[in-house]
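Understanding the architecture of this molecule
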Amino acid sequence: CTPQTLLNDSPAAWGGYAPRNFDGRFRGDIRASLALAESRNLPAIDLLARLGTPRVTDLLASLGLKSLSPGERDIGLSLATGGAEASPLELAAAYACLARGGTYRPVKIIASADSQEQYSSTKPLISKASCGDVLRALAAPDRTRAISPQAARLGVAWKTGTSSRNRDAICAAVSVSHTVVV
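Scope of this entry: the structure provided in the associated data block. Note that this is a predicted model, so its numbers are computed, not measured.

Criteria and cut-off values
- Residues numbered from 1 in each chain as written.
- Predicted model: local features only at pLDDT ≥ 70, side-chain atom pairs only at ≥ 80, totals over all residues.
- Heavy atoms only, no water.
- Buried < 20%, exposed > 50% of the residue type's maximum accessible area, 1.4 Å probe, protein only.
- Helix = DSSP H or I, 4+ residues; strand = E, 2+ residues; numbered from the N terminus.
- Disulfide = S-S within 2.5 Å.
- Phe/Tyr/Trp six-rings, centres within 6.5 Å; stacked < 30°, edge-to-face > 60°.
- Lys NZ or Arg CZ within 6 Å of the ring centre and 35° of its normal.
- Pairing = 2+ DSSP bridges.
- Axes fitted to C-alpha atoms, helices over the stretch in contact; angles between N-to-C directions.
- 1 Å grid on protein atoms, 1.4 Å probe; cavity = no way out; pocket = protein on both sides within 12 Å on 5 of 7 lines; lining within 4 Å.
- Points joined across faces, edges and corners; volume = space filled by probe spheres on them.
- Nonpolar A, V, L, I, M, F, W, Y, C, P; charged D, E, K, R; others polar.
- Contact = heavy atoms within 4.5 Å.

1. Here we look at helix 2 (residues 41-51)
Those residues of helix 2 lying buried are Asn41, Leu42, Pro43, Ile45 and Leu48. Phi turns positive one or two residues past the end of helix 2, at Gly52, with a value near 95°.

2. So, the state of the cysteines
By definition, a disulfide links the sulfur atoms of two cysteine residues through a covalent bond. In total, this model carries zero disulfides according to the counting rule given. Free cysteine: Cys97, not disulfide-bonded; nearest cysteine sulfur from Cys131 at 5.8 Å. A residue is classified by how much of its surface remains accessible, and Cys97, at 0% relative accessible area, is buried.

3. Looking at the packing of aromatic side chains
Inspection of every chain in the model, using the stated rule, returns zero aromatic pairs. Geometry around Trp158 places Arg143 over its ring, the cationic atom sitting 3.7 Å from the centre.

4. Thoughts on the sheet that holds strand 5 (residues 179-181)
Here we have three strands laid out as an open sheet, ordered 3-4-5, and antiparallel in their pairing. What marks the edges here is a single partner per strand, and that holds for strand 3 (157-162) and strand 5. Strand-to-strand twist of the sheet, defined as the mean angle between neighbouring strand axes without regard to direction, takes the value 10°. Sheet topology places strand 3 next to strand 4 (residues 169-174); six bridges connect them, and they run antiparallel. What sits directly across from Ala157, in strand 4, is Val174.

5. Points about the layout of surface pockets
Looking at the second largest pocket, its volume works out to about 550 Å³. Around the second largest pocket, the lining comprises 16 residues; the ones closest to its centre are Ala96, Arg100, Ser177, His178 and Thr179. The element that contributes the greatest number of residues to the lining of the second largest pocket is helix 4 (residues 88-99), accounting for five residues. A per-class count over the lining of the second largest pocket returns nine nonpolar, four polar and three charged.

6. Describing the side chain of Thr103
Within the secondary structure layout, Thr103 lies in the loop between helix 4 and helix 5 (128-138). Overall, the relative accessible area of 12% leaves Thr103 in the buried class. The contacts of Thr103, once residues within four sequence positions are left out, are Cys97, Thr122 and Pro124.

If you want it as structure tokens, here you go:
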């Protein structure tokens, strides 16, 4: 899937699971980059169904989302719509991995911004090109400017989301030097 891949944002059901989009509307064929930025549920679920949840949960677990450890449970397609648990620190580690071009590092709490801790280099888990595609989709200037002109000038990539039944809401923002999850 590339940013230009057309995904279908139309009503669909998978074995009785008939999700909707948060806004209750459907847009038909939509580019993958826009579907990601706009949190369109149906394209995300369709793509997850094609990739397979075990493959995706394995990748997410390798990015530090420990609640999705392989073999723990099969969350199913609700994984694409907020059906999985993750802490803000786990999400921060995963988003920071995107900013590092696919290289994962565990989160470490530091006492000072002056810390000069060194990390050993590891093999990227996601290609640098794919990380760039995702970050560009999430940092689209017009989309970001509507929320924060300063963030648009800084090229901040950001994503919002909700858990199942809207129990939790998150916003993750990432730049080359900072990652914030609220």
